[in-house]
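Take a look at the letters that make up each chain.
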Amino acid sequence: MHGCGKTPNNVTIDDAFWNSFRETLVREGIPYQWDALNDRLPADTEPSYCMRNFRIAAGRETGKHGGYVFQDSDVYKWLEGVAYSLRWHPDPALETVADEAIADIAAAQQPDGYLDTYYIINGLERRWTNLKDHHELYVAGHMIEAAVAYYTVTGKRQLLDVALRFVDHIDSVIGPEEGKLHGYPGHPVIEMALMRLYEITGDPKHLRLAEYFVNERGQAPLFFEEEDRRTGNAFHWKDSPFRYQYYQAGKPIREQKDAEGHAVRAMYLFSGVADVARETGDESLKQACRDLWKSTTKRRMYITGAVGSTEYGEAFSFDYDMPNDTVYGETCASIGLVFFARRMLMLEAKSEYADVMERALYNGIISGMQLNGRKFFYVNPLEVVPEACRMDPHKQHVKAERQKWFGCACCPPNLIRMLTSLEDYIATETENTTYVHLFVGGRIVSGGLSLDVTTRYPWDGNIHFDVHADRPVSRTIAIRVPNWCHAFTVRVNDTLVSETPRDGYIHLVRIWGDGDSIDFEMEMPIRLMRANPRIRKDAGLVTLCRGPLVYCLEEADNGSDLHLLRSLSLANARIQWEPQTLGGVVTLTTEARRESKSGWDELYDDRPEPAATPVELRWIPYYAWANRGLGEMRVWIRK
Ligand code: FUB
Ligand code: ZN
């Protein structure tokens, strides 16, 4: 099967739903995070130390390294996001700030190309002695991604040159040749970064290094075991069921059948593997990607697109294990899932990949950001009782409110780079076909056609395309029929056409001319959702979805003790556009019953089932929860 090709060069977004997120990011999120990276947030906020570390490493300031070994990566992710934002929101002042940050970074680079502030400040003699835990290659990966983005958007080479020198240094230290470390990163990301670098340099060295990291990982004798033996490094996962699989290194990638270990590491690795598989055409690697995709999305993914069921190791646990209240569901992991999905699309033109991309984007990713762009979730739970988050040691990782910043602040700048680059996920093109994967208003210029997309998605399912072309163009426009959609119509120039989806896309094969139009209209009823019976934690529970959105109940609308709600009925359900609520959302109102707790003093009793009185429930989109103060939240309730 062929893939969906590459992203068209020219996609722009003008979309009521996404504009508000993205404008909030450029107005609030990017400046706010820059303040965080420079420790200018209020004193009760977790410090970042990021830019200070670079200045100390450059000898421009004195002091100790602050934060984690991978602290530099927050700046790189921020810069990458800034670069994407400049594509659609030119801002000379912001570009100057970014240029100055890059100058500080460049000044810290060592004569041999090395650049990681942790080791520059703490002693270069220890560098490359802990590939397992110390993230030097992870930091390099994020630097490369930022450098490629900044160069591609602005044409400025300074960060790219820094990255190229760092890669040359890495290449001189790690690799299959005698005298080099036969290692790979404990935290993947450099694999996909090198593949992006290869795209712009065409330098086989960059492809070779990515391939080496993918193929060497998990091979016997295990590099990490030997490294520990040589250096005396601690092995934190020695007595854990994960062992080296925490690092995605328990076995070679082609033998790995399940998504295991640290979820972000897994998603980033699988994305890099898919990149290498596509570029090299290696069938066994492609098969590994399919197996890992299946494990991730058919047995280990939440309805919100969250992945990582356990806080222990921020990791995957086992099939169908989906606790709603102790879930990890790191924002970065869902972002990684979107990276993986997009790369699978490029391997195979199947809508299931875009379905997952959409699920994560509209639910478990944007839930990570406060609507004002200034607070963030690291963990994205599906059930919250604030008191439990405070008092239960097993729920300390679950926050009932988004946080201003984190000591480990991987998620906030990841959100920036994800949402500022949304253009790259909407469509792809092959020689003959333009694929539309996501329904986002704006313009897709592809294959001699310009498609102007108008829609109110996700609030309704009507997508209108105006076609513009200088001359008639023979081309296929392939439009995804989402897995949630059970009824749709397609009209070309107001004439109904009957198309059966193939691999989840309707294929409109025409000679297109200026002034043509397509109307793709999907019915978008409320859907009563049940979980696979194998998911123990959701047995007997239901929730609501509409279009791509998962809905939830909040205390603000429905009172406390949400666990007492049951007998959900769609009989008189209402769908309502509420422009003043949560930045403008469609709410759902349904009938249900609330069990009474009055008169119960005993903990346990053999009395008849408690009386339950009719109530109206007000549901809001899951992504928007926790924007109206502290309170309970639940996605699933009893049927
Ligand atoms: O280790 C770097 C990042 O910090 C990971 O991707 C996140 O899960 C967090 O642990
Ligand atoms: Zn994160």
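Please refer to the structure placed before this passage.
Residues numbered from 1 in each chain as written. Chains lettered and ligands numbered in written order. Predicted model: local features only at pLDDT ≥ 70, side-chain atom pairs only at ≥ 80, totals over all residues. Heavy atoms only, no water.

Colleague: Break down the overall build of the protein chain for me, citing the residues and quoting the values.
Modeller: Scanning the protein chain from terminus to terminus reveals 18 helices and 20 strands. Here the C-alpha atoms of the protein chain give a radius of gyration of 25 Å, agreeing with the 26 Å that 2.2 N^0.38 yields for 639 residues. Along the first, second and third principal axes, the C-alpha set of the protein chain runs to 75 × 70 × 50 Å. Here the protein chain, with 639 residues, has 62% of them falling under the buried criterion. (Helix = DSSP H or I, 4+ residues; strand = E, 2+ residues; numbered from the N terminus. Rg over C-alpha atoms; globule rule 2.2 N^0.38 Å. Buried < 20%, exposed > 50% of the residue type's maximum accessible area, 1.4 Å probe, protein only.)

Colleague: For the sheet that holds strand S8 (residues 473–480), give the residues involved together with the corresponding values.
Modeller: Within a sheet, neighbouring strands are paired by backbone hydrogen bonds and run either parallel or antiparallel to one another. On the basis of which strands lie adjacent, the open sheet formed by 4 strands has the order S3-S4-S8-S11 and mixed pairing. The open sheet has two edge strands, strand S3 (427–429) and strand S11 (505–512), and neither has a second partner. Averaged over all neighbouring strand pairs, the angle between strand axes comes to 20 degrees, with direction disregarded. For strand S4 (residues 433–436) and S8, the ladder comprises 4 bridges, and the chain directions are parallel. (Pairing = 2+ DSSP bridges. Axes fitted to C-alpha atoms, helices over the stretch in contact; angles between N-to-C directions.)

Colleague: Explain the coordination of the zinc ion (ligand 2) to me, using residue names and the numbers behind them.
Modeller: Surrounding the zinc ion (ligand 2) are the protein donor atoms Glu330 (OE), Cys332 (SG), Cys410 (SG) and Cys411 (SG), at 2.1 to 2.4 Å. Each of the 4 donor atoms around the zinc ion (ligand 2) contributes to a set of angles spanning 92 to 119 degrees, which defines the coordination as tetrahedral. If you list the donors of the zinc ion (ligand 2) from N- to C-terminus, the spacing comes out as E-x1-C-x77-C-C. When its relative accessible area of 2% is taken as the criterion, Cys332 is described as buried. (Donors = N, O, S within 2.8 Å, 3.2 Å for Na, K, Ca; no water. Tetrahedral: all angles 85-135°; square planar, octahedral: opposite > 155°, others 65-115°.)

Colleague: Help me get a handle on the packing of helix H3 (residues 72–88) against helix H6 (residues 136–154), residues and values and all.
Modeller: Two numbers describe how H3 lies on H6: the axes approach to 8 Å, and their chain directions differ by 20 degrees. Looking at the two axes, H3 sits roughly parallel to H6. Along this stretch, H3 crosses H6, giving a crossing that reads as left-handed. On the side of H3, the interface is formed by Asp72, Ser73, Tyr76, Lys77, Leu79, Glu80, Ala83, Tyr84, Leu86 and Arg87, while H6 contributes Tyr138, Val139, His142, Met143, Glu145, Ala146, Ala149, Tyr150, Val153 and Thr154. Residue classes in the contact of H3 with H6 are distributed as 12 nonpolar, 3 polar and 5 charged. (Parallel < 35°, antiparallel > 145°, perpendicular 65-115°, else oblique. Left-handed = near helix turned anticlockwise from the far one by under 90°. Contact = heavy atoms within 4.5 Å. Nonpolar A, V, L, I, M, F, W, Y, C, P; charged D, E, K, R; others polar.)

Colleague: A description of the sheet that holds strand S12 (residues 517–522) should follow, citing residues and the corresponding values.
Modeller: Strand order in the open sheet formed by 7 strands is S1-S5-S6-S7-S12-S9-S10, and the pairing between neighbours is antiparallel. Lying at the two open borders of the sheet, with one neighbouring strand each, are strand S1 (10–13) and strand S10 (495–497). Looking at each pair of strands side by side, their axes are set apart by 20 degrees on average, direction ignored. As defined by bridge partners, strand S5 (residues 442–446) adjoins strand S6 (residues 449–455) across 5 bridges and the pair is classed as antiparallel. Among the inter-strand pairings, Val445 is bridged to a residue of S6, identified as Ser450.

Colleague: Just give me the short version of the site of ligand 1, but keep the residues and values in it.
Modeller: For ligand 1, the full set of nearby residues is Phe70, His135, Tyr138, His187, His262, Val264, Glu314, Glu330, Tyr378, Cys408 and Cys410. At 2.9 Å, a side-chain N or O of His262 approaches an oxygen atom of ligand 1. Take Glu330: an N or O atom from its side chain is 2.7 Å from an oxygen atom of ligand 1. Here ligand 1, which alone exposes 270 Å², has 94% of that area covered by the protein. (Near = heavy atom within 4 Å. Polar contact = N/O pair within 3.5 Å; in protein donor to acceptor, adjacent residues only side chain to side chain. Areas by Shrake-Rupley, 256 points an atom, 1.4 Å probe, with all protein chains shown as cover.)

Colleague: Tell me what's going on with unusual backbone geometry, and back it up with residues and numbers.
Modeller: Residues Ala220 and Pro221 are joined by a peptide bond in cis, for which omega reads -10 degrees. Cis geometry is adopted by the peptide bond preceding Pro458, which originates at Tyr457 and carries an omega value of 5 degrees. For Pro458, the location among the structural elements is in the loop between S6 and strand S7 (462–468). A positive phi angle is found at Gln248, which is not glycine, with a value near 65 degrees. Along the polypeptide, Gln248 turns up in the loop between helix H10 (223–231) and helix H11 (263–280). Given a relative accessible area of 0%, Gln248 falls into the buried group. You will see that Asn493, though not glycine, has its phi angle at about 50 degrees, which is positive. Residue placement: Asn493 occurs in the loop between strand S9 (488–492) and S10.

Colleague: Hey, could you go over the environment of Ala315 for me, with residue numbers and the actual values?
Modeller: Among the secondary structure elements, Ala315 is positioned in the loop between helix H12 (283–299) and helix H13 (331–347). Overall, Ala315 belongs to the buried group, its relative accessible area being 0%. Dropping the residues within four chain positions of it, Ala315 is found in contact with Phe242, Gly261, His262, Ala263, Gly308, Ser309 and Thr310.

Colleague: How would you sum up helix H4 (residues 92–108)? Please name residues and give values.
Modeller: With 17 residues, H4 should cover 24 Å at 1.5 Å per step; its first-to-last C-alpha distance of 25 Å lies within 8% of that length. Within the sequence span of H4, burial applies to Leu94, Ala98, Ala101, Ile102, Asp104, Ile105, Ala106 and Ala108. Tucked into the core, H4 has its buried residues touching helix H1 (16–37), helix H2 (50–57), H3, helix H5 (117–122), H6 and helix H7 (158–173). (Expected span 1.5 Å × (residues − 1).)

From the geometry alone we can't say anything about function, so treat these as descriptive.
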